[in-house]
Amino acid sequence: AYSTAAGASSAQNGILSPQKAPNDILSPEKAMGLQKSATAQAASNEEADHPSDSEEEEEGSEDDPPQGRRSSMSQQSQTGRSPKNYVREISVEMADGYGEGFESDGDTESESESEIWKQDHARSLAFMMVTEDWKRLASVEKEFQGDREIVLLAVRQSWEALRFSSVELHDDLELLSEAVDQSWEALQYASPAVRSNQDILLSAVRQNGEALRLATPKGASMRPVVLAAVRMSWASVQYASEELRGDRQVLLSAVSQSWEAFRFASHKGSLDREVVMAAVTRNGRALQYAGEAIRDDRGVVEEAIEHCWKALRYASDRLKEDAAIVTRAVDKCWRALEYAGPQRRGDPDTVGQALRQDWNAVCFVSPAGKNNRDIVLAAVEQTEQSWRALQWASDELRDDRSVLLAAIQRNGVALCYASAGKRSDKEIVTAALKQSGGEALNYASLAIRSDKDLVKMVVQGNGTALKYATAELRADLEIVLTAVTQDWRALRAASADMRQDVTVAMAAVKQNGAALAFAGPHARSDRAVVLEAIKQDPQALAHAADTLRDDETVVRAAVAQDWTALAHASPRMKESHAVMTEVVRQAWEQLALASDSVKNNEEVVLVAVQASWRALMHAGEVPRGSRTVMLAAVSQDWEALQYATAGMRADRQVVLTALAKDWRALMYTSGSLLSDRNVVMAAVNQDWKALGYASIELQGDKAVIMAAVSKRGTALIHATKELQADREIVLKAVSTDGTALRYAVKELHADMDLVLTAVKSHGAALIHADPSLRENKEVVLAAECLRD
């Protein structure tokens, strides 16, 4: 690097002599200057090796670099190295060269000077590396990571260079100040002494108050630092010292941003009335962090409640009994009653104020209040749902007739909260049963639930209430039959014997076939019961006894309504022709899943085909050879003919029926019928292309061909040679399409009348005329006229 920057003469003379090197040891500042100079010279010489067109024309000008430097830099340019890399490599080479020179001298003093020069040269190289990129500080030798000037150079580029510096430098105020000015995060690399420096801490917290957490206890006790941090972020108050967390100015600055900052206040701060007032003004819940004395301060508590009713929870016990304070809180929300003192929670006025907002406030009433008839009645009578308030009443009031009746008038189920004695009171229970539609029977005493007359009255209006009756009454035929008649679902609650009873089961399935699921085995084996159930719901077959699921009459009755009921039939029933007939009538696709026996049953397949001719593709050989089945299929779609047996494709009636739908049925017709004039004519009369499927004999039949060319002249292509030479046939063909002339025999191409007819029909027919006629004026004019 030194020789590169020293001048042209030095570069021309090669490596400097070893004796001269020690006297020219580079200082860091000079190394940096030389590095910039060498880089600039390398770049200019690189440009010199690649001159522009204008420069090439001005050879020999005064600005040309010296020949020696041009030659040197030309070599560098050929290597393709960047100027910075070139400088670095030259520096290494120079260092090696000087080392060799000193070693060859053999002088001890010279060797010492050589080592000094190498050390200084390595330091200069470290300077250049860090100058290029601060991240290279990680690559330099350990001794240079502790070099203050080198590290400072890196830190001025980025504070993150501190992580590569030695620990000794983390105590350097100037270095850390430079880093922290860039980012407060640099403080994490500072020593405790630096993290106790007020100026550096101020620089950090003014960027981000959270930087205070990196300060030492001494730093966290500096009032200016803490104030600056709190102004940036209220949360940083938590990192301040105990003393400063009780400082009024610090706390006011924090809580002015967020009331939550008050939770970090010291005991002293929690007793500062001014600070507490500032916090609760932002949110009353801040009162929870105040000291005992402050929470007994009426003014503070009132201010807190004004901003949040929940603040009552944190007031002193004395103030929780204060009528005015509790009233103010409850006025904001009835739930505040929960935090009031016991006396206030039993006070009729206070409780009444809460109940007027929501009857649920009764759950917060004190035991004395829950034993107050006026309070409980006020809660129970408030809304239609407020009968539930009875659950919070005292045992004494839940045994009070007037209170119970008030609740039962809103919902008979309120009987569930009555005392045991009142659940046996026939008057109260009857009132509850009438109001609840019988559901209150569930909460009546055993004696009431055993009363046959009362239970019968209940199940007459609500059959499902049978489940609340005693086991004895659930086995009573009269009671069960009454209940099931009212609601089939009552069968589920009947005793096992009653569910076996055919009469009871019949009463249930007449309402809903699904009731069969609750019937006993005996009732599910009764044909009449099962048929009645199936009548109501075909899927009831699933609950029938196995013997009835194998009964053709029963299964057929089910699938006749819903073919999917077949899934519940026995395997044998899926082979039944009568059953499968009902299935395919609704879903012909099911024929594909049927057994071979069913697929070959003509009656079953006919029903399926009547639903859709496509069922024929799943049919067996026998039905596909049935005229009745095939006529039913082809009368829907001619394509059904393709699934017919060979015998049916040779059946004249079947084929003609198919041809009546579409002439293309001829392609599936048996060969014997392709020689049948009537069959072929039926197709040709629809489309001349049908002639292509006719037999050779019919393609030579004049009547057939005449019919075809009458439709389209080009049908002549399918005629035999004899008919293509028939003038009458050809004349008919060219009259419908002149281009049909191409299919006539050559001799007719010279027929003047025939050619004239052709070109009059289609001018392009002229190209098929005999050459002698293509020059005939009359013919040409006829063709030209048609073209125009």
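Residues numbered from 1 in each chain as written. Predicted model: local features only at pLDDT ≥ 70, side-chain atom pairs only at ≥ 80, totals over all residues. Heavy atoms only, no water.

**Observations regarding the overall build of the protein**
From N to C terminus, the protein includes 47 helices and 0 strands. A sequence separation of at least 24 residues applies to 44% of the contacts in the protein between residues at least 6 apart. When the accessible surface of the protein is split by element, carbon and sulfur atoms take 46% of a total near 37,100 Å². (Helix = DSSP H or I, 4+ residues; strand = E, 2+ residues; numbered from the N terminus. Contact = heavy atoms within 4.5 Å. Areas by Shrake-Rupley, 256 points an atom, 1.4 Å probe, with all protein chains shown as cover.)

**As for the environment of Thr581**
Tracing the backbone shows Thr581 in helix 34 (residues 577-586). Discounting residues that sit within four places of it in the chain, Thr581 has contacts with Val604 and Val607.

**Regarding the pattern of salt bridges**
Under the definition given, this model contains 42 salt bridges. The shortest N-O distance in the salt bridge between Asp172 and Arg148 comes to 2.6 Å. Of the two residues, Asp172 is situated in the loop between helix 9 (148-155) and helix 10 (173-182) and Arg148 in helix 9; the sequence distance between them amounts to 24 residues. Classification of Arg148 as partly exposed rests on a relative accessible area of 31%. Measuring nitrogen to oxygen at the nearest pair gives 2.8 Å for the salt bridge that ties Lys702 to Glu728. Remark: Glu728 occurs in helix 45 (residues 727-736) and Lys702 occurs in helix 43 (residues 702-711); sequence separation between them is 26 residues. Classification of Lys702 by relative accessible area gives partly exposed; the value is 35%. Judged by relative accessible area, Glu728 falls into the partly exposed class, the value being 47%. Taken together, the shared-partner salt bridges in this structure form one network comprising Lys452, Lys456, Asp476 and Glu478. (Salt bridge = Lys/Arg side-chain N within 4 Å of Asp/Glu carboxyl O. Buried < 20%, exposed > 50% of the residue type's maximum accessible area, 1.4 Å probe, protein only.)

**Structural notes on helix 31 (residues 527-536)**
Residues that lie three or four places apart on an α-helix share one face, since the helix turns once every 3.6 residues. Those residues of helix 31 lying buried are Val529, Val530, Glu532, Ala533 and Ile534. Tucked into the core, helix 31 has its buried residues touching helix 29 (502-509), helix 30 (521-524), helix 32 (546-549) and helix 33 (552-561). The residue sitting at the N-terminus of helix 31 and contributing the capping side-chain oxygen is Asp526; that oxygen lies 3.1 Å from the backbone nitrogen of Ala528. (Polar contact = N/O pair within 3.5 Å; in protein donor to acceptor, adjacent residues only side chain to side chain.)

**Remarks on helix 40 (residues 652-661)**
Taken together, the buried positions of helix 40 are Val654, Val655, Ala658 and Leu659. Buried residues along helix 40 cover an arc of 130° about the axis, so they all sit on one side. The inward-facing, buried residues of helix 40 abut helix 38 (627-634), helix 39 (646-649) and helix 41 (677-684). Of the residues flanking the start of helix 40, the one acting as N-cap is Asp651, its side-chain oxygen 3.1 Å from the backbone nitrogen of Gln653. (Arc of directions from axis to C-beta.)

**Comments concerning the packing of helix 38 against helix 40**
The N-to-C vectors of helix 38 and helix 40 enclose an angle of 5°; their axes lie 9 Å apart at closest approach. The orientation of helix 38 relative to helix 40 falls into the category roughly parallel. Side by side, helix 38 and helix 40 meet where Arg627, Met630, Leu631 and Val634 of the first sit next to Gln653, Val654, Thr657, Ala658 and Lys661 of the second. (Axes fitted to C-alpha atoms, helices over the stretch in contact; angles between N-to-C directions. Parallel < 35°, antiparallel > 145°, perpendicular 65-115°, else oblique.)

**Description of the nonpolar core**
In terms of nonpolar packing, the biggest core is built from 125 residues, with Phe262, Leu287, Leu312, Leu337 and Leu415 touching the most fellow members. When sequence neighbours within four positions are dropped, the list of residues in contact with Leu312 reads Ile305, Lys320, Ile325, Val326, Ala329, Ala336, Tyr339 and Ala340. Listed in part, the 121 residues of the second largest apolar core include Leu473, Ala544, Val583 and Ala608. (Core = buried A, V, L, I, M, F, W, Y, C linked by side-chain atoms within 4.5 Å.)

**Comments concerning the environment of Tyr339**
By the secondary structure assignment, Tyr339 is in the loop between helix 18 (323-332) and helix 19 (348-355). Judged by relative accessible area, Tyr339 falls into the buried class, the value being 16%. Linking Tyr339 and Arg313, residues 26 residues apart in sequence, is a C-alpha distance of 4.9 Å.

**Re the packing of aromatic side chains**
Two descriptors summarise a pair of aromatic rings, namely the distance from one centre to the other and the angle between the planes of the rings. Under the defined criterion, the tally for this structure stands at 9 aromatic pairs. When the ring of Trp613 is compared with that of Tyr643, the centres are 6.4 Å apart and the planes differ by 35°; the resulting orientation is tilted. One end of the pair, Trp613, is in the loop between helix 36 (602-611) and helix 37 (621-624); the other, Tyr643, is in the loop between helix 38 and helix 39, with 30 residues separating them in the sequence. On the accessibility criterion, Tyr643 (23% relative accessible area) is partly exposed. (Phe/Tyr/Trp six-rings, centres within 6.5 Å; stacked < 30°, edge-to-face > 60°.)

**Remarks on the packing of helix 36 against helix 38**
In the contact formed by helix 36 and helix 38, the axes pass within 9 Å of each other and the chain directions differ by 10°. The angle between helix 36 and helix 38 places the two elements in the roughly parallel class. Contact residues: helix 36 offers Glu602, Val605, Leu606 and Val609, while helix 38 offers Thr628, Val629, Ala632 and Ala633. A breakdown of the residues in the contact of helix 36 with helix 38 according to their chemical character gives 6 nonpolar, 1 polar and 1 charged. (Nonpolar A, V, L, I, M, F, W, Y, C, P; charged D, E, K, R; others polar.)

**Some remarks on the environment of Lys218**
Relative to the helices and strands, Lys218 resides in the loop between helix 11 (198-205) and helix 12 (223-232). Separated by 22 residues in the primary sequence, Lys218 and Ser196 have C-alpha atoms spaced 5.9 Å apart.

**Examining the confidence of the model for the protein**
Detailed reading of predicted coordinates is not advised where the pLDDT is low. Mean pLDDT over the protein works out to 85, with 85% of the residues at or above the 70 mark. Across residues 1-32, where pLDDT falls below 50, the model places 51 contacts with residues more than four positions away in sequence or in other chains. (pLDDT = per-residue confidence, 0-100.)

**With respect to the side chain of Ser236**
Position of Ser236 among the secondary structure elements: in the loop between helix 12 and helix 13 (248-255). Those residues in contact with Ser236 that sit more than four places away from it in its chain are Gly209, Glu210, Leu212, Ala229 and Val230.

**So, a positive patch on the surface**
A grouping of Arg285, Lys310, Arg313 and Arg335 is seen on the molecular surface, where their side chains present a positively charged patch. Of note, Arg335 is situated in the loop between helix 18 and helix 19. Residue class for Arg335 comes out partly exposed when judged on its relative accessible area of 42%. (Patch = residues over 30% accessible without salt bridge, like charges linked within 9 Å, V, L, I, M, F, W, Y side chains within 5 Å. Lys, Arg positive; Asp, Glu negative; His and termini not counted. Charge placed at Lys NZ, Arg CZ, Asp CG, Glu CD.)

**Topic: the side chain of Ser258**
Looking at where Ser258 falls in the secondary structure, it is placed in the loop between helix 13 and helix 14 (267-270). Given a relative accessible area of 11%, Ser258 falls into the buried group. Leaving out residues up to four positions away in the same chain, Ser258 has contacts with Trp234 and Arg282.

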